[in-house]
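Notes for the structure review
Listed below are the residues making up each chain.
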Number of protein chains: 2
Amino acid sequence: MAYQLIVLYNPPESVTAFDKHYDETHAPLAAELPGLRAYTATRPGPSADGGSAPYHLVAILTWDDEAAFNAAMASEAGQAAVADLANFAGAGVTVLSGPSESAL
Amino acid sequence: MAYQLIVLYNPPESVTAFDKHYDETHAPLAAELPGLRAYTATRPGPSADGGSAPYHLVAILTWDDEAAFNAAMASEAGQAAVADLANFAGAGVTVLSGPSESAL
């Protein structure tokens, strides 16, 4: 079974500064994680009732299995990506990880 | 740009009942959504500090674009999948949708 890391970013104080840092610095760092099979960044729009989305960005990273995920996070690239959170994610972040299966 | 629907399910009262309904009824219903390109169901484990995950399951559904997503949700299959939430997701659900890009 595949293994996913899902990072939910709270709405930042400055969307412009967050998006610039995410796109130009953080995403390239995270893309260096060894064994990464897929990596998407989604920016949710307003909810169906018109309220603002509770998360500004959702990053979804997929590895072949939990061992590959653990190895990636323990690598130099993993440590660099985690350390970079302090540079742009001060509004808070929820980190989820677990086994992932295709339902299609 | 692709378009994703991300559904965050709160921890259910009965994990066994939730998982059974999700796997045997809801996922097959959602898999019928027209135009669906990818659909994963991830069950997060405890967080790094040992706390229980704030969400029990994260469903990630991907379409080619926003028009395909809107058409899927307006379809009979989309209405059936949304109506089925009442049968197992009483603990609450956060629904996000928005443009998604590969960062790899």
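Residue numbers run consecutively from 1 along every chain, following the written order of its sequence. For this description, chains carry letters from A and ligands carry numbers from 1, given in the order in which they are written. Restriction of local features to residues with pLDDT of at least 70 applies here, the model being predicted, together with a cutoff of 80 or more for giving and counting side-chain atom pairs; totals for whole chains, interfaces and linings are based on all residues. Only heavy atoms go into the side-chain values, all of them from the structure, while hydrogens and water stay out.

Attention now goes to the interface of chain B and chain A. Note on contacts: a residue pair qualifies if any of its non-hydrogen atoms lie within 4.5 Å across the two residues. Across the contact, 31 residues belong to chain B and 31 residues belong to chain A. Reported buried area values correspond to the accessible surface (1.4 Å probe) lost by two parts on association, with both partners' losses combined. Taken together, the two surfaces of chain B and chain A that pack against each other cover about 2,300 Å², and 62% of this comes from carbon and sulfur. One side-chain nitrogen of Lys or Arg within 4 Å of one carboxyl oxygen of Asp or Glu is enough to make a salt bridge. Counting across the chain B and chain A interface gives two salt bridges. The partner of Glu-101 of chain B in a salt bridge is Arg-43 of chain A, with the nearest N and O atoms 3.4 Å apart. Polar contacts, as counted here, are pairs of nitrogen or oxygen atoms within 3.5 Å of one another; within protein the pair requires one atom able to donate a hydrogen and one able to accept it, and residues that are adjacent in sequence qualify only if both atoms are side-chain atoms. On the surface where chain B and chain A come into contact, there are 17 residue pairs in polar contact (both at pLDDT 80 or more). For the side of chain B that touches chain A, the secondary-structure elements that each account for two or more residues are strand E1 (2–9), helix H1 (15–30), strand E2 (38–42), strand E3 (57–63) and strand E4 (93–102) of chain B. Partitioning the side of chain B that touches chain A into residue classes produces 18 nonpolar, nine polar and four charged. Strands qualify as paired when DSSP identifies two bridges or more between them. A run of DSSP states H or I qualifies as a helix once it reaches four residues; a run of E qualifies as a strand once it reaches two. Both are numbered from the N-terminal end. Bridge count for strand E2 (residues 38–42) of chain A against E4 of chain B is three bridges, and the pairing is antiparallel. Its bridge partner being in E4 of chain B, Thr-42 of chain A is matched across the sheet by Ser-100 of chain B. For this classification, Asp, Glu, Lys and Arg are treated as charged, while Ala, Val, Leu, Ile, Met, Phe, Trp, Tyr, Cys and Pro are nonpolar and the rest, including Gly, are polar.

A pair can form between side chains of opposite charge whenever their charged atoms are brought close. All names here are of chain A. Summed over the entire model, instances satisfying the criterion amount to 10 salt bridges over all chains. With a closest N to O distance of 3.2 Å, Asp-19 and Arg-43 form a salt bridge. With Asp-19 in helix H1 (residues 15–30) and Arg-43 in the loop between E2 and strand E3 (57–63), this residue pair connects regions lying 24 residues apart in the sequence. Comparing Asp-19 with Arg-43 shows no difference in burial state: the two are buried. Between buried and exposed lies partly exposed: a residue is buried under 20% and exposed over 50% of the maximum accessible area for its type, with that area taken using a 1.4 Å probe on protein chains only.

The next subject is the side chain of Ser-100 of chain B. Relative to the helices and strands, Ser-100 of chain B resides in strand E4. A polar contact is formed between the side chain of Ser-100 of chain B and the side chain of Thr-42 of chain A, at a distance of 3.0 Å. Not counting residues up to four positions away in its chain, the partners in contact with Ser-100 of chain B are Thr-40, Ala-41 and Thr-42 of chain A together with Met-1, Ala-2, Tyr-3 and Gln-4 of chain B.

Take the confidence of the model for chain A next. Across chain A, the average pLDDT comes to 96, with 100% of residues at 70 or higher. For this predicted complex, the interface score ipTM comes out at 0.96, alongside a pTM of 0.96. Per residue, pLDDT measures the predictor's confidence, with a range of 0 to 100.

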